[in-house]
Structure formats: C-alpha cells, structure tokens
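Next come the chains, spelled out residue by residue.
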Amino acid sequence: MKILLICDDFYHPGEVVSRGLQYLSEYGHTVDTVTDKTAIKPETLGAYDAVVIAKGNRLTEDNEPWFEPGVPVDEDGYRRYIEAGGALLMLHSGTTFRRESCPKMTALMRLRFLGHPAQCPVRVHVADPAHPIAEGVEDFTLEADEHYQLELLDDRSRIVFETVSDAGTQPGGLTREIGAGRMCVLTPGHNDSVFENPGYRKIIANALEWITGKR
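Residues numbered from 1 in each chain as written. Predicted model: local features only at pLDDT ≥ 70, side-chain atom pairs only at ≥ 80, totals over all residues. Heavy atoms only, no water.

## Digging into the nonpolar core
Side chains of nonpolar character tend, in soluble globular proteins, to be buried together.
Phase 1: Counting 36 residues, the largest nonpolar core has Leu89, Phe161, Leu186, Tyr200, Ile203, Ile204 and Leu208 as its most contacted members.
Phase 2: When residues of this core are assigned to their parent elements, the largest contribution, 8 residues, is made by helix α6 (residues 198-211).
Phase 3: Among the nonpolar cores identified, the runner-up in size contains 31 residues, and Leu45, Val51, Phe67 and Tyr81 belong to it. (Core = buried A, V, L, I, M, F, W, Y, C linked by side-chain atoms within 4.5 Å. Buried < 20%, exposed > 50% of the residue type's maximum accessible area, 1.4 Å probe, protein only. Helix = DSSP H or I, 4+ residues; strand = E, 2+ residues; numbered from the N terminus.)

Laid out in structure tokens, this is it:
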C-alpha cells in the first residue's frame with residue numbers, strides 16, 4: 001500500500017508521527033511525508049492508496065492557518081476525495097479542528113475538538129469488537145497521551161474505540177462511509193510511546209486496510 005502522510009503543525013512536530021508510522025514497512029506499505037500545505041494538490045491525493053492527516057489548523061506561533069484562501073486542496077477538496085472513493089485516516093492532531101475556524105472539516109468528521117487535559121494515562125477500550133478495525137485488538141493502556149475531548153455532531157459515525165482517563169470517556173476511534181469512500185478517525189498519537197504500543201499499531205494497520213476496502 002502506498003500511503004501519503006500529511007503532518008506537522010505548531011503543537012505536533014511532523015517527525016513524531018512520521019517516525020511512528022515507520023513500522024508500516026513491516027506490512028509492505030510505503031509512507032511518503034508532506035508537511036508543506038501548498039504541495040498538496042488533488043492529483044497528489046489521487047496518487048496514493050490512502051491518505052493520513054495528522055496536521056491541525058495552527059501551523060505557526062502566529063496562528064497561521066492551514067485552510068486559508070487559495071490553498072490547493074481546501075476542506076471541500078478532502079470531502080470530494082473521499083466521495084470519489086478515497087481512503088482517509090484522520091490521526092491525532094488531524095482531529096483538532098474547531099467549528100468556529102474549520103466548520104467544513106468538523107462537518108466532514110461529524111465531530112468537533114474541545115480540548116484536552118494534561119497528558120495522562122489513557123485506556124483504549126474496544127467498544128465495537130464486531131468492526132473489522134477491532135479484529136485482533138484487546139483493551140490496552142497508553143502510559144501518557146493527550147486525551148482528546150470531542151463533541152459528536154450526530155450519530156452517523158460508528159464508534160469502534162473509546163478512550164478513558166480521569167477526564168472521562170471519549171470516542172477515540174470512529175468510522176464513516178462517505179459516497180464511494182471511507183474515513184476513520186483515531187485520536188491517540190501525541191508521543192513516540194503511543195506509536196510503539198502494539199495495540200495501537202494494530203489499530204492503525206487495521207484502519208488502513210478498512211478504509212482501502214481490504215478488510
């Protein structure tokens with residue numbers, strides 16, 4: 001599988017997720033990383049089997065946005081990509097869009113980001129063991145991660161995993177089918193140790209197979 005990783009923002013250095021996904025080579029996958037928002041074009045997305053977004057909307061200390069007027073692929077562009085049969089995985093910082101600044105991205109994911117407490121242990125619970133992404137996955141605990149707090153905007157998404165900490169229980173893994181394509185949302189992923197966890201590695205690998213129709 002040929003995967004495009006779009007990453008790097010002010011709070012989330014791209015090398016963490018880029019390094020974290022290197023293990024996918026064990027599955028025979030290749031991962032190409034792009035950090036420049038102007039280098040992502042519609043034909044770029046179409047050249048890959050799957051696209052992973054691990055990039056939020058704040059790119060610099062001065063709050064430079066990703067989705068500013070004139071960016072080659074805007075929020076509607078990602079919707080069109082999925083509707084046409086694309087495969088999109090929204091990973092960690094790729095889920096941090098707020099309704100007031102990125103209403104179209106929150107509408108695409110059917111959720112909005114509220115914030116997170118200080119890093120803490122986060123338990124990942126398999127909420128829907130019948131889903132193909134949950135195959136071979138059992139509950140596990142991440143030693144330290146940002147426990148994202150989210151608001152679901154409707155009930156059209158299928159919650160496969162929940163994340164649990166002292167801050168409560170949140171949806172941590174969701175799936176949607178949009179047009180001819182598929183999307184998965186996974187919220188863990190701030191630290192290297194998260195990507196080193198065998199359970200989370202299995203979830204990501206399963207998710208890539210599901211969004212591309214191989215599972």
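That was the structure; now back to the text.
## Details of helix α3 (residues 75-83)
Phase 1: Of all the positions in α3, only Glu75, Gly77, Tyr78, Tyr81 and Ile82 are classed as buried. Down the axis, α3 shows its buried residues gathered within 160° of arc, on one side only.
Phase 2: Of the residues flanking the start of α3, the one acting as N-cap is Asp74, its side-chain oxygen 3.2 Å from the backbone nitrogen of Asp76.
Phase 3: Looking one or two places after α3, you find Gly85, whose phi comes out positive at around 115°. (Arc of directions from axis to C-beta. Polar contact = N/O pair within 3.5 Å; in protein donor to acceptor, adjacent residues only side chain to side chain.)

## With respect to the pairing of strand β10 (residues 168-178)
Phase 1: β10 sits mainly inside the fold: 8 of its 11 residues count as buried.
Phase 2: When strand β9 (residues 158-165) meets β10, the two strands line up antiparallel, connected through 7 bridges. Counterpart to Ser165 in the pairing with β10 is Gly168.
Phase 3: Linking β9 to β10, which pair antiparallel, is a turn of 2 residues. (Pairing = 2+ DSSP bridges.)

## With respect to the sheet that holds β10
Hydrogen bonding along the main chain pairs the strands of a sheet, whether they run parallel or antiparallel.
Phase 1: In space, the 9 strands of this open sheet follow the order β2-β1-β3-β4-β11-β10-β9-β6-β7, with mixed pairing throughout. The open sheet terminates on both sides in strands that have one partner only, identified here as β2 (30-34) and β7 (140-145). Sheet twist, expressed as the average angle between the axes of neighbouring strands with direction ignored, equals 20°.
Phase 2: With respect to the sheet, α3 is in contact with β1 (2-7), β3 (50-54), β4 (87-91), β10 and β11 (181-186), its orientation differing from that of β11 by roughly 120°. (Axes fitted to C-alpha atoms, helices over the stretch in contact; angles between N-to-C directions. Contact = heavy atoms within 4.5 Å.)

## Focus: the packing of aromatic side chains
Phase 1: Evaluated as defined, the whole model comprises 9 aromatic pairs.
Phase 2: Here the aromatic rings of Trp66 and Phe97 are separated by 6.3 Å at their centres, their planes lie at 45°, and the arrangement is tilted. Of this pair, Trp66 sits in the loop between β3 and α3 while Phe97 sits in the loop between β4 and α4 (103-109), placing them 31 residues apart in sequence. Each of the two residues, Trp66 as well as Phe97, counts as buried. (Phe/Tyr/Trp six-rings, centres within 6.5 Å; stacked < 30°, edge-to-face > 60°.)

## Section: the environment of Asp9
Phase 1: Structurally, Asp9 can be placed in the loop between β1 and α1 (14-20).
Phase 2: For the pair Asp9 and Val71, spaced 62 residues apart in the sequence, the C-alpha separation amounts to 16 Å.
Phase 3: Asp9 has contacts with Lys55, Gly56, Arg58, Leu59 and Ser93, leaving out every residue within four places of it along the chain.
Phase 4: In this structure the side chain of Asp9 is engaged in a polar contact, spanning 3.3 Å, whose partner is the side chain of Ser93.

So yeah, pure geometry; function would need other evidence.
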